[in-house]
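# Summary of the model geometry
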Amino acid sequence: MKRFSKKEIFSIPNLMGYFRILLIPVFCYLYITAETEREYLYAALVVLLSSLTDLFDGKIARRFHMVTELGKALDPIADKLTHAALAICLATRYPMMWALIALMLVKEGYMGVMGLIFLKKGKMLDGAMWFGKVCTAVLFAGLLVLFLFSQLEAAVVNGIIMIMMGIMIVTLCMYVPVFQKMKHKEKKDGEE
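Here the structure is a predicted model, which means the values were calculated and not measured. (Residues numbered from 1 in each chain as written. Predicted model: local features only at pLDDT ≥ 70, side-chain atom pairs only at ≥ 80, totals over all residues. Heavy atoms only, no water.)

Evaluation of the coordinates by the stated rule reveals eight aromatic pairs. Their ring planes at 15 degrees and their centres at 6.0 Å tell us that Phe118 and Phe179 sit as a pair that is stacked. Taken together, the residues span a long stretch of sequence, with Phe118 in helix α5 (residues 97-120) and Phe179 in helix α7 (residues 154-191) at a distance of 61 residues. We classify Phe179 as buried; its relative accessible area is 3%. Here a set of aromatic residues connected by ring pairs shows up, and it is made of Tyr110, Phe118, Trp130, Phe131, Tyr175 and Phe179. One Lys or Arg, Arg93, reaches over the ring of Tyr40 and ends 4.7 Å from the middle of that ring. (Phe/Tyr/Trp six-rings, centres within 6.5 Å; stacked < 30°, edge-to-face > 60°. Helix = DSSP H or I, 4+ residues; strand = E, 2+ residues; numbered from the N terminus. Buried < 20%, exposed > 50% of the residue type's maximum accessible area, 1.4 Å probe, protein only. Lys NZ or Arg CZ within 6 Å of the ring centre and 35° of its normal.)

In structure tokens form, the structure reads like this:
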């Protein structure tokens, strides 16, 4: 197992990633216990702070040459944990959110299993694909809108959830051939 240096562990972008993870129980508590519009707004502001740290950690890492292997793993983990926590919080108010959570589990489960299979063979995806980034952005934007605007009509809420689910299904379908191509390339390399 690779050991990370103190410099890598305590780099500013990685500290921002840890901070994002620490904000998860804060916004969950604020949202679940909220009773007034103002209290929902406080929860949304914490999520907004989390999204700002997500936006800037990568920019800082690239700009100041602080990109690390730990950071490459930490950032998507913080993303997935944040998305899952947001979705679970929202599911306490919007039952259709459970369908999105189930789809998230399928997609992330597939990505995780395939990633582990190829990692064991010394291969991995070369960063997130453009459609994965679009999916992450749409998912986060949709979840943030539902957090920010707690008084939306049920039809609007369900529409937003359906859009997020549609994008997630398309993304999953687009990742399948990527992994198939990796498998085919590995098989071809093994024959040479």
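The rest of the description comes next.
The topology assignment puts Asp79 in helix α4 (residues 69-91). Take Asp79: its relative accessible area is 12%, and that puts it in the buried class.

On to the nonpolar core. Soluble globular proteins tend to bury their nonpolar side chains together. Phe27, Met97, Leu100, Leu143, Phe147, Ile161 and Met164 are the most contacted members of the largest nonpolar core, which totals 36 residues. Among the secondary structure elements, those contributing two or more residues to this core are α2 (12-32), α3 (37-63), α4, α5, α6 (130-148) and α7. Considering each element in turn, this core owes the most residues, seven residues, to α6. Counting residues domain by domain, this core receives three or more from each of domain 1 (1-92) and domain 2 (94-191). (Core = buried A, V, L, I, M, F, W, Y, C linked by side-chain atoms within 4.5 Å. Domains from an automatic or database assignment.)

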